[in-house]
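What follows is the residue order along each chain.
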Amino acid sequence: AMALRFSANLSWLFPELPALPARLEAAAAAGFGAVEAAWPAGCPAQELRAAAERARVRIALLNTPPGDPEAGELGLAAVPGRQAAFRQGLEAAVHYARAVGCRRIHVMAGRVPLGTDRAAVAGEMETTFIENLKYTADLLSQEDMIGLLEPINNRITDPRYYLNTPHQAAAILEKVGRPNLKLQLVSQAALGTASPLPSLGHIQIAQVPGRHEPDSPGELNFPYIFELLESLGYTGYVGCEYAPKGDTLEGLGWLRSYWESRGLQHGGTSKAAK
């Protein structure tokens, strides 16, 4: 089985460094071959691209913009009445992704609007989401990019997020029916996904419930998950989207052990290849 490819999430890792390009360089020095980030607010695309080229690191994933965080927005794709703002944000994300050489965009569904009942708006939100996703798939196909849908857990992470289970995401992907839209899952959801593996475009990991390093105390057995993903032939990236307990580099022992156990050198290149 092929060894997994890991991507450092710059919105979470190396918080001791203020700017994204510096975090990218730190990730490269730690051995990562790829990085990802949420919405890269305040970082011009050419700066991030130059850092990625210097460090020979690939930018694996970016998000669509959140909308208006002051108004409690976290993505717009499923929010009724925000279609124009969604399309504008999507175009900005595509433009930025093209400039930095990124081929995957996480299309954020958004939250159930404040003061409304989830059940009352669910139908309208699904209709909005499906229309926006068809528009997204068309736009992304011109760029040879992939759009990703990520369910966010209502119990632990965000009680008002619209897209909240892998089952719901898979059903929506089926209704949209476009091959360049795929599923993005967080580690606890990745366990039951042996079946929709072809539709799995990205995985992100963090220990549960503390959201720290994979080898920190918690419910998930990451060595088992990594072996499972390898045996299923997963070839996408595994994004490290966790809050380091202390120094990011010191907390990467789990990744160094993974590389060693697979006979890989620092950075995941095979010893034979050197």
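- If you look the chain up in an unreviewed UniProt entry, it shows as Putative hydroxypyruvate isomerase from Junco hyemalis.
- Quoted verbatim from the Function (unreviewed entry) heading of the UniProt record, the comment on the chain is "Catalyzes the reversible isomerization between hydroxypyruvate and 2-hydroxy-3-oxopropanoate (also termed tartronate semialdehyde)."
- We quote the UniProt Catalytic activity (unreviewed entry) comment for the chain here in full: "3-hydroxypyruvate = 2-hydroxy-3-oxopropanoate".

### Observations regarding the sheet that holds strand β3 (residues 58-63)
Item 1. Taken in spatial order, the eight strands line up as β1-β2-β3-β4-β5-β6-β7-β8 and close into a barrel, and their pairing is parallel. Across this sheet, the average inter-strand angle for adjacent strands is 30 degrees, counted without regard to direction.
Item 2. Judged from the three bridges that link them, strand β1 (residues 5-9) and strand β2 (residues 34-36) form a sheet pairing that is parallel. Opposite Ala8, over in β2, you have Val35 as the bridge partner.

### Structural notes on the environment of Ala30
Item 1. Of note, Ala30 is situated in the loop between α1 (20-29) and β2.
Item 2. The buried category is assigned to Ala30, whose relative accessible area is 7%.
Item 3. Between the C-alpha atoms of Ala30 and Ala8, which are 22 residues apart in sequence, the distance is 9.6 Å.
Item 4. Filtering out sequence-adjacent residues up to four positions away, Ala30 remains in contact with Phe14, Leu249, Leu252, Trp259 and His266.

### Describing the packing of α1 against helix α2 (residues 45-55)
Item 1. Contact pair α1 / α2: the axes reach a minimum separation of 9 Å and the direction vectors enclose 15 degrees. By the criterion of interaxial angle, the relationship of α1 to α2 is roughly parallel. The handedness of the crossing between α1 and α2 comes out as right-handed. Contact residues: Leu20, Pro21, Leu24, Glu25 and Ala28 in α1; Glu47, Leu48, Ala51, Ala52, Arg54 and Ala55 in α2.
Item 2. Split into classes, the residues belonging to the contact of α1 with α2 amount to eight nonpolar, no polar and three charged.

### Quick word on the layout of surface pockets
Item 1. By volume, the largest pocket amounts to about 750 Å³.
Item 2. In terms of lining, the largest pocket is formed by 38 residues, of which the most central are Glu150, Ile152, Thr157, Arg211 and Glu241.
Item 3. When contributions to the lining of the largest pocket are tallied by element, the ones reaching two or more residues are β3, β6 (181-186) and α6 (187-190).
Item 4. Counting residues per element, the lining of the largest pocket draws most heavily on β6, at three residues.

### Examining the nonpolar core
Item 1. Counting 79 residues, the largest nonpolar core has Phe6, Phe32 and Phe129 as its most contacted members.
Item 2. At eight residues, the largest contribution of residues to this core is made by helix α4 (residues 118-143).
Item 3. Phe129 has contacts with Ala77, Ala78, Ala109, Leu149, Tyr162, Leu163 and Ile172, leaving out every residue within four places of it along the chain.

### Details of the UniProt feature "active site" (unreviewed entry) in the chain
Item 1. As recorded in UniProt, the sites labelled "active site" (unreviewed entry) are Glu150 and Glu241. Spatial clustering of the annotated residues is evident: they stretch over 92 residues in sequence, but the largest pairwise C-alpha distance comes to 13.2 Å. Cross-referencing the annotated residues with the lining of the largest pocket gives Glu150 and Glu241.
Item 2. Counting through the fold element by element, Glu150 comes out in the loop between β5 (146-149) and α5 (166-176).
Item 3. A relative accessible area of 6% means that Glu150 is categorised as buried.
Item 4. If we ignore the near neighbours within four places in the chain, the residues touching Glu150 are His106, Tyr161, Leu163, Gln184, Val186 and Gln204.

### Some points on helix α3 (residues 83-100)
Item 1. Between its first and last C-alpha atoms α3 spans 26 Å; for 18 residues at 1.5 Å apiece the expected length is 26 Å, and the two agree.
Item 2. Where α3 is concerned, the buried positions are Phe86, Gly89, Leu90, Ala93, Val94, Tyr96, Ala97 and Val100. Across the axial projection of α3, the buried residues extend over an arc of 165 degrees, all falling on one side. Residues of α3 that are exposed and point over 90 degrees away from its buried face: Ala84, Gln88 and His95.
Item 3. Of the surrounding elements, those touching the buried residues of α3 are α2, β3, β4 (104-106) and α4.
Item 4. Of the residues one or two after α3, Gly101 is the one with positive phi, at around 75 degrees.

Reading guide: rules and limits
Here the residue index of a chain counts from 1 through its sequence in written order. Restriction of local features to residues with pLDDT of at least 70 applies here, the model being predicted, together with a cutoff of 80 or more for giving and counting side-chain atom pairs; totals for whole chains, interfaces and linings are based on all residues. Hydrogens are left out, water is left out, and the side-chain values use all remaining heavy atoms of the structure. UniProt positions are given in the numbering used here, feature names are shortened, and annotations may be inferred rather than shown by experiment. For two strands to be treated as a pair, DSSP must find no fewer than two bridges joining them. A run of H or I in DSSP counts as a helix once it spans at least four residues, and a run of E counts as a strand once it spans at least two, with each numbered from the N terminus. The convention used is that axes are lines fitted to C-alpha atoms, helices contributing only their stretch in contact, and that angles between N-to-C directions extend from 0 to 180 degrees. Think of it in three bands: with a 1.4 Å probe and only protein chains considered, a residue is buried below 20% of the maximum accessible area for its type, exposed above 50%, and partly exposed in between. In what follows, a contact means two residues having at least one pair of non-hydrogen atoms within 4.5 Å. Note that the term roughly parallel is reserved for angles under 35 degrees, roughly antiparallel for angles over 145, roughly perpendicular for angles of 65 to 115, and oblique for everything else. Each helix crossing is assigned a hand: it is left-handed if the near helix lies turned anticlockwise from the far helix by less than a right angle, otherwise right-handed if that turn is clockwise. Throughout, the ten residues Ala, Val, Leu, Ile, Met, Phe, Trp, Tyr, Cys and Pro are labelled nonpolar, Asp, Glu, Lys and Arg are labelled charged, and all others, Gly among them, are labelled polar. Whether a set of points on the 1 Å grid over the protein atoms alone is a cavity depends on a 1.4 Å probe fitting there but being unable to get out, while an open set qualifies as a pocket with protein on both sides within 12 Å along at least five of seven lines; lining residues are those with an atom within 4 Å of a point. Grid points are joined across faces, edges and corners, and a volume is the space filled by probe spheres set on the points. Residues grouped as a nonpolar core are buried Ala, Val, Leu, Ile, Met, Phe, Trp, Tyr and Cys residues, joined through side-chain atoms within 4.5 Å. Under the convention used throughout, the expected extent of a helix is 1.5 Å for every residue step, that is, one less than its residue count. Arc, as used here, means the arc of the directions from the helix axis to the C-beta atoms.

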